[in-house]
Amino acid sequence: MASITFKHVEKTYPGNVTVVPDLNLEIQDKEFVILVGPSGCGKSTTLRMIAGLEDITSGELYIGDRVVNDVAPKDRDIAMVFQNYALYPHMTVYKNIAFGLNLKKLPKDEIDKRVHEAAKALDLEHLLNRKPKALSGGQRQRVALGRAMVRNPAVFLLDEPLSNLDAKLRTAMRSEISRLHKRLQTTFVYVTHDQTEAMTMGDRIVVMKDGIIQQNDTPQNLYDFPCNLFVAGFIGSPQMNFLDAVITEQGGTYCVQICGSTIPLSARMDKAALAPYAGKTVVLGIRPEDIDAAPAGAKGHLDAKIEIAELMGAEINLHLDCQGSKLVVRAASTFPGREGDMAALTLDTEKIHLFDKETERAIAH
């Protein structure tokens, strides 16, 4: 088993294009870490540097106690699962899973044992004689996982492995990969742009933007205490609402003025952090599920007009206009209001986030 450590790692492509400027990251042995961020943020490049598929421009990369900058991919004791499965179409499932073991020239009985153990774990035993074209997308992805499993690697690398699957299969495979990690007790590094995958699977999430780590934390801490506007907007679906707000202070009590209303802030908010912003405009963030919607005429902090009502089954997403500011509220599907109606909104003041308008850094939660 192995830990992974990046020390001041830089990756620059020809033409002086720097994708990862200065990466410092430690992944513990047996940890399941998710690298997440928008396309082009450097997460796949980071994974490929671990695999040895991308050279490191400068800095040091350790797997365990060994610097692996110049170690060939085959000698790094890693296994990688790609989004396109990368199966050999002319080989059966059995031969695909056994391929890496045959290259190592392991005894046939050892190969057979490992293949059948992996096939049993991944529910592939009845498919061992089929070829990839006769398999569904989920079955092909399980074969790719099985091929990685049988090698007993120190590190599993997974590069958007579920992005080619439909929504139902993605949900099922998320659970399967999480169970696999618990069973194998191996270091997993998983790349995705899907924040739902990140929130449901990882022990720790590393949010990246422009090759720079924005926040490195547990899923719950990322959700509850985002360090900046980017992380706040990236984690959560629908994404957090952002409104310009003015902080006011009177007699040691802090409030925010938004959409013509004054709303008291939670007493637990750090007053020392709020004090420099008194009288200034900041960005207020609040998640759709932290706003309560009631029919027009009810008592609330804000009045807003419903522009779109998206029925999601048990819930409804209300897209509202509040004096020119756009808001999304998650309500129960029984909510009576529909498009064109007014709604009274009450913000959970314990769940308000405040951000500096210039630096975009969090002020208080």
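Here, every reference points to the structure presented above.
Quick summary incoming for the structure in this document. Per chain, the residues get numbers from 1 upward, laid out in the order the sequence is written. In keeping with the model being predicted, local features are shown solely for residues with a pLDDT of at least 70 and side-chain atom pairs are shown and tallied solely at 80 or more, while totals for entire chains, interfaces and linings include all residues. Side-chain measures here rest on the full set of heavy atoms in the structure, leaving out hydrogens and waters.

### Points about the overall build of the chain
When helices and strands are counted, the chain shows nine helices and 21 strands. Taken along the three principal axes of its C-alpha coordinates, the chain extends 80 × 45 × 35 Å. Out of the 365 residues belonging to the chain, those deemed buried represent 50%. Contacts are residue-level and defined by heavy atoms, with any inter-residue pair within 4.5 Å sufficient. If you take every contact in the chain between residues at least 6 apart in sequence, the share linking residues at least 24 apart comes to 66%. Values of accessible area rely on a 1.4 Å probe in the Shrake-Rupley scheme; residue burial ignores everything except the protein chains shown. Carbon and sulfur atoms make up 49% of the accessible area of the chain, which amounts to about 17,100 Å² in all. The helix and strand labels rest on DSSP assignments: H or I over at least four residues marks a helix, E over at least two residues marks a strand, and numbering proceeds from the N terminus. Three labels apply to residues, based on accessible area from a 1.4 Å probe with only protein chains included: buried if under 20% of the type maximum, exposed if over 50%, partly exposed otherwise in between.

### Some words on helix α4 (residues 137-149)
The end-to-end C-alpha distance of α4 is 18 Å, a good match for the 18 Å that 13 residues give at a rise of 1.5 Å each. Taken across its 13 residues, α4 has 11 buried, putting it largely inside the fold. Among the residues of α4, G138, Q139, Q141, R142, V143, A144, L145, G146, R147, A148 and M149 are the ones counted as buried. Elements in contact with the buried residues of α4: β6 (78-81), α2 (93-103), α3 (108-121), β7 (155-159) and α5 (167-184). Take the residue count of a helix, subtract one, and multiply by 1.5 Å to get its expected span.

### Let's talk about the packing of α4 against α5
Two numbers describe how α4 lies on α5: the axes approach to 11 Å, and their chain directions differ by 15 degrees. One finds that α4 runs roughly parallel with respect to α5. The element α4 and its partner α5 pack so that their crossing is right-handed. For the pair formed by α4 and α5, the contact residues are G138, Q141, R142, L145 and M149 on the first element and L169, M173, E176, I177, L180, R183 and L184 on the second. Each residue is assigned to one of three groups, with Ala, Val, Leu, Ile, Met, Phe, Trp, Tyr, Cys and Pro labelled nonpolar, Asp, Glu, Lys and Arg labelled charged, and all others, Gly among them, labelled polar. Its residues assigned to classes, the contact of α4 with α5 comprises seven nonpolar, two polar and three charged. Axis geometry follows a simple rule: fit a line to the C-alpha atoms, using only the stretch in contact for helices, then measure angles between N-to-C directions, giving values from 0 to 180 degrees. Oblique is the label for any angle not covered by the other classes, which are roughly parallel (under 35 degrees), roughly antiparallel (over 145) and roughly perpendicular (65 to 115). The hand of a helix crossing depends on one turn: near helix anticlockwise from the far one by less than a right angle means left-handed, and clockwise means right-handed.

### Considerations on the environment of D321
Within the secondary structure layout, D321 lies in strand β17 (residues 315-322). With 29 residues separating them along the chain, D321 and D292 place their C-alpha atoms 15 Å apart. Leaving out residues up to four positions away in the same chain, D321 has contacts with A304, K305, E307 and K326.

### Some details on unusual backbone geometry
Following S237, the chain continues into P238 via a peptide bond in cis, with omega recorded as -10 degrees. Within the element layout of this structure, P238 appears in the loop between α8 (229-234) and β11 (241-250). Residues other than glycine seldom take positive phi values, yet N152 does so here, at roughly 50 degrees. In this structure, C259 is a non-glycine residue whose phi angle is positive, near 50 degrees.

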